[in-house]
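The primary structure of each chain is shown beneath.
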Amino acid sequence: MFGFKLLKKDGNARLGEINTPHGSVKTPVFMPVGTQGTVKAVTKDQLLSTKPQIILGNTYHLYLRPGIEVLEYFGGLHSFMNWELPILTDSGGFQVFSLAKERSREGKHKAEVILTEEGVKFKSHLDGSWHFFTPELVVHIQEIIGSDIMMPLDVCPPYPVSHTTARDAVEKTLRWLERSKKAKKNDRQALFGIIQGSVYPDLRKESALRTVEMDMDGYSIGGLSVGEPAQLMYEMTEVVVPLLPENKPRYLMGVGTPENIVESVDRGVDMFDCVMPTRNARNGTLFTTYGRLNIKAAKHRFSDIPVDEECDCYTCRNFSRGYLRHLFNAGEITGMTLATIHNLRYYSRLMEDIRHAIGEGRFKEFKKEFYEKYNSLKNQP
């Protein structure tokens with residue numbers, strides 16, 4: 001069964017443990033994104049070597065491909081992808097809106113999403129076929145997927161957005177959450193509530209208070225990291241977090257950079273996910289103790305040191321920056337794999353260090369040391 005235990009606080013930073021049917025998760029935690037039943041560019045064993053505790057899957061993408069019939073046949077996503085650790089699934093609502101926006105921006109298709117009280121009608125980005133998500137169907141799909149933590153269908157407005165539009169999103173998200181909770185049948189799966197409100201403090205407060213009244217298994221802060229300045233994201237987090245119960249996990253959706261994570265932990269957040277470590281890895285941007293590294297840069301041509309001398313990942317233990325640069329510039333797929341292994345392990349190590357610091361009551365010192373090291377590459381040629 002699902003449960004959360006708060007083990008220690010250091011200021012607002014929290015050390016905790018989430019229990020799920022597929023094992024426990026120590027928090028704060030970062031969840032690698034495995035949108036379509038895999039974390040891109042790595043095998044299961046390579047992923048496990050980076051020491052993740054939980055991964056994220058996406059209802060929208062899994063619904064379209066391979067489809068719920070396939071997932072039901074295989075007994076859910078855990079069995080289908082041979083994964084023993086916990087899985088959290090996003091509702092797919094964000095993808096419905098964002099993919100339509102991307103198609104519209106690129107001029108390939110008209111943005112075809114129809115939002116109603118009943119749900120959201122959308123065209124598949126794969127073949128243009130029409131589909132209709134309701135809160136009830138999204139819960140049903142996730143029960144077939146068998147994720148340990150489910151997200152309800154919500155309305156995630158873009159940034160910037162008017163107060164009126166943001167309020168409408170809050171109200172609809174709350175009504176849909178009530179329907180999602182009623183539709184949930186599997187007691188082994190947790191269902192979180194999602195707090196919306198864009199960058200309006202009054203809406204964030206109202207959304208948080210009314211969501212907490214529904215007594216969900218955990219609480220997600222949605223609608224941030226959608227283009228707003230980081231400072232606004234931090235301010236909205238500061239508005240919401242004090243209103244959330246201490247005995248439930250807090251999840252800041254779609255976040256983010258190492259700096260975002262450290263700052264948000266300092267504000268009381270427990271859970272994070274983002275495509276940044278994997279997407280950046282495939283583009284040759286690597287995260288290190290001393291900042292970001294463009295591995296394709298010419299200055300690494302003769303470099304015989306690892307990506308990060310403080311890292312214990314497979315990539316850093318076996319290969320040089322010069323070799324990785326060669327792989328990327330030669331267009332070798334192995335370069336993407338090795339970079340992904342490193343970035344995922346960097347994020348895991350960051351969370352391990354954060355948890356260790358909170359446990360020892362020295363998170364503020366850790367945060368100061370983190371910035372001193374992480375910003376040092378900016379001053380190098």
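These numbers were taken from a predicted model, which means no experiment stands behind them.

What counts, and where the lines are drawn
- Each chain carries its own residue numbering, running from 1 in the direction its sequence is written.
- Selection of residues for local features in this predicted model requires a pLDDT of at least 70, selection of side-chain atom pairs for listing and counting requires 80 or more, and totals for whole chains, interfaces and linings are taken over all residues.
- Remark: hydrogens and water are excluded; side-chain values derive from all non-hydrogen atoms of the structure.
- When DSSP finds two or more bridges between a pair of strands, those strands are recorded as paired.
- Counting from the N terminus, the helices are DSSP H or I runs at least four residues long and the strands are E runs at least two residues long.
- Categorising residues by exposure relies on relative accessible area from a 1.4 Å probe, with only protein chains included: less than 20% of the type maximum marks a residue as buried, more than 50% marks it as exposed, and the intermediate range marks it as partly exposed.
- What makes a nonpolar core is a set of buried Ala, Val, Leu, Ile, Met, Phe, Trp, Tyr and Cys residues whose side-chain atoms join them at distances within 4.5 Å.
- Contact criterion: two residues are considered in contact whenever any of their non-hydrogen atoms come within 4.5 Å of each other.
- The way it works is a 1 Å grid over only the protein atoms, where trapped points that fit a 1.4 Å probe form a cavity and open points with protein on both sides within 12 Å along at least five of seven lines form a pocket, and then any residue with an atom within 4 Å of a point lines it.
- Grid points are joined across faces, edges and corners, and a volume is the space filled by probe spheres set on the points.
- To obtain each axis, a line is fitted to C-alpha atoms, and for helices this fit is confined to the stretch in contact; angles are then taken between N-to-C directions over 0 to 180 degrees.
- Side-chain atoms alone can form a polar contact between residues adjacent in sequence; in general such a contact is a pair of N or O atoms within 3.5 Å, and within protein one must be able to donate a hydrogen while the other accepts it.
- Any angle between 65 and 115 degrees counts as roughly perpendicular, while under 35 counts as roughly parallel, over 145 as roughly antiparallel, and the rest as oblique.
- Crossing chirality is assigned from the near helix's rotation relative to the far helix, an anticlockwise turn below a right angle marking it left-handed and a clockwise turn marking it right-handed.
- Within this scheme the basic residues Lys and Arg register as positive and the acidic residues Asp and Glu register as negative, but His and the chain ends are omitted.
- In the sections that follow, a salt bridge refers to a side-chain nitrogen of Lys or Arg positioned within 4 Å of a carboxyl oxygen of Asp or Glu.

A. Region of interest: the sheet that holds strand β11 (residues 190-195). With parallel pairing, eight strands are arranged side by side in an open sheet as β4-β14-β13-β12-β11-β10-β6-β5. Two strands close off the open sheet at either side, each with one partner strand: β4 (29-31) and β5 (55-58). Relative to strand β6 (residues 87-90), β5 runs parallel, the two being bridged by four bridges. Bridge assignment links I55 to a residue of β6, and that residue is I87.

B. How the structure looks around the pairing of strand β9 (residues 130-133). Burial along β9 is one-sided: H131 and F133 are buried, while W130 and F132, pointing the other way, are not. Judged from the four bridges that link them, strand β8 (residues 120-123) and β9 form a sheet pairing that is antiparallel. Bridged to F122 within β9 is H131. In this antiparallel pair of consecutive strands, β8 and β9, the connection spans six residues, and G128 shows a positive phi of 80 degrees.

C. Structural view of the nonpolar core. The biggest cluster of nonpolar side chains holds 47 residues, and the ones touching the most others in it are I261, V265, F272, I354, F363 and F366. Aside from chain neighbours lying at most four places away, what touches I261 is F30, V255, G256, F272, Y347, M351 and I354. One finds V120, L293, V307 and C316 within the second-largest nonpolar core, a separate group that totals 42 residues.

D. Region of the structure containing the layout of surface pockets. Within this model, the second largest pocket holds a volume of roughly 280 Å³. As for the second largest pocket, its lining consists of T289, E310, Y346, R349, L350, D353, H356, R362, F366, E369, F370 and K373. Looking at the lining of the second largest pocket, the elements that each hand over two or more residues are α14 (333-359) and α15 (363-374). The element that contributes the greatest number of residues to the lining of the second largest pocket is α14, accounting for five residues.

E. Structural context of the sheet that holds β9. The strand order β7-β8-β9 describes an open sheet built from three strands, whose pairing is antiparallel. Across the chains shown, the open sheet's two edge strands, defined by having one partner strand only, are β7 (113-115) and β9. Put simply, the sheet's adjacent strands are angled 15 degrees from each other on average, direction ignored.

F. Local environment of unusual backbone geometry. A cis amide bond, omega 5 degrees, links T27 with the succeeding residue P28. On the secondary structure map, P28 appears in the loop between β3 (23-27) and β4. P66 follows R65 through a cis peptide bond whose omega is 15 degrees. Along the chain, the position of P66 falls in the loop between α2 (59-64) and α3 (68-73). Phi is positive for K51, close to 65 degrees, though the residue is something other than glycine. Along the polypeptide, K51 turns up in the loop between α1 (44-49) and β5. Despite not being glycine, S225 shows a phi value in the positive range, around 55 degrees. According to the relative accessible area criterion, S225 is partly exposed, its value standing at 34%.

G. Just the environment of E310, in detail. Assignment of secondary structure puts E310 in the loop between β16 (291-294) and α12 (314-318). Put simply, E310 and L62 are 248 residues apart on the chain and 37 Å apart in space, counted from C-alpha to C-alpha. Non-local contacts of E310, meaning those with residues more than four positions away in its chain, are made with T289, Y290, R349 and K373. Within polar-contact distance, the side chain of E310 engages the side chain of Y290 at 2.6 Å.

H. Spatial organisation of the packing of helix α8 (residues 201-212) against helix α9 (residues 230-240). With their axes 9 Å apart at the nearest point, α8 and α9 run at an angle of 40 degrees to one another. With respect to α9, the element α8 is oriented oblique. Crossing handedness for the pair α8 and α9: right-handed. On the side of α8, the interface is formed by P201, R204, K205 and A208, while α9 contributes M236, V239 and V240.

I. Quick look at the side chain of E17. Tracing the chain through its elements places E17 in strand β2 (residues 13-20). Although buried, E17 forms no salt bridge, and the nearest oppositely charged side chain, K26, lies 4.5 Å from it. Of note is the side chain of E17, whose polar atom sits 3.5 Å from the side chain of S24. With near-sequence residues (within four places) excluded, E17 lies in contact with G3, F4, K5, L7, S24, V25, K26 and T27.

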